[in-house]
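Structure at a glance
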Amino acid sequence: MLQLATFTWVGVLLFDSVPYGVAAGGLTGVGAFLFVPWLLSYSAAQEASSLEPASERRSRSTGPGVFGLGLDAGGVLMLALGFVVEPPSLLLGVASALVVAVGVYLVGSFVLTE
């Protein structure tokens, strides 16, 4: 919730556009909501005292956690694009954020399952 509110406020404050700020905040907030629990469970699997690797103790499915990381990165990219494109384009920002989210998910799911 904090990340959602913070990125929304930053987007509105910097670009004077409520929809742009809400979209950037929403993407990062949902991304954090999906990524943080997955990261905590993966870290707990790494710290467990077992001889098998953490990736074997944890489900090999990356699930929504890696997609959440991509949404988080996409929301930050959306804010960065707001500085490049004047005035900030909501359609370009959301589209590029979703492309980054899918790209991070594809790379992450390939790397973490191998």
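In the block above lies the structure referred to throughout.
Computed from a predicted structure; not experimentally measured.

1. Focus: the overall build of the protein
When helices and strands are counted, the protein shows 5 helices and 0 strands. Along its sequence from the N terminus, the protein presents helices and strands in the succession α-α-α-α-α. Counting across all 114 residues of the protein, residues that qualify as buried make up 34%. Accessible surface for the protein amounts to roughly 6,600 Å². Of this, 75% is attributable to carbon and sulfur atoms.

2. Some words on the packing of aromatic side chains
Throughout the structure, instances matching the rule amount to 4 aromatic pairs. Judged by centre distance (5.2 Å) and plane angle (65°), the ring pair of Phe 15 and Phe 83 falls under edge-to-face. Here Phe 15 is found in helix H1 (residues 2-15), whereas its partner Phe 83 is found in helix H4 (residues 63-84), with 68 residues between them in sequence. Given a relative accessible area of 13%, Phe 15 falls into the buried group. Through pairs of rings, three or more aromatic residues link up here, namely Phe 15, Tyr 20 and Phe 83.

3. Focus on the side chain of Thr 28
Relative to the elements of secondary structure, Thr 28 occurs in helix H2 (residues 18-47). Residue Thr 28 is classed as buried on the basis of its relative accessible area, which comes to 0%. Residues within four places of Thr 28 in sequence aside, it is in contact with Gln 3, Phe 7, Leu 71, Asp 72, Gly 75 and Val 76.

So, how was this worked out
Residues numbered from 1 in each chain as written. Predicted model: local features only at pLDDT ≥ 70, side-chain atom pairs only at ≥ 80, totals over all residues. Heavy atoms only, no water. Helix = DSSP H or I, 4+ residues; strand = E, 2+ residues; numbered from the N terminus. Buried < 20%, exposed > 50% of the residue type's maximum accessible area, 1.4 Å probe, protein only. Areas by Shrake-Rupley, 256 points an atom, 1.4 Å probe, with all protein chains shown as cover. Phe/Tyr/Trp six-rings, centres within 6.5 Å; stacked < 30°, edge-to-face > 60°. Contact = heavy atoms within 4.5 Å.

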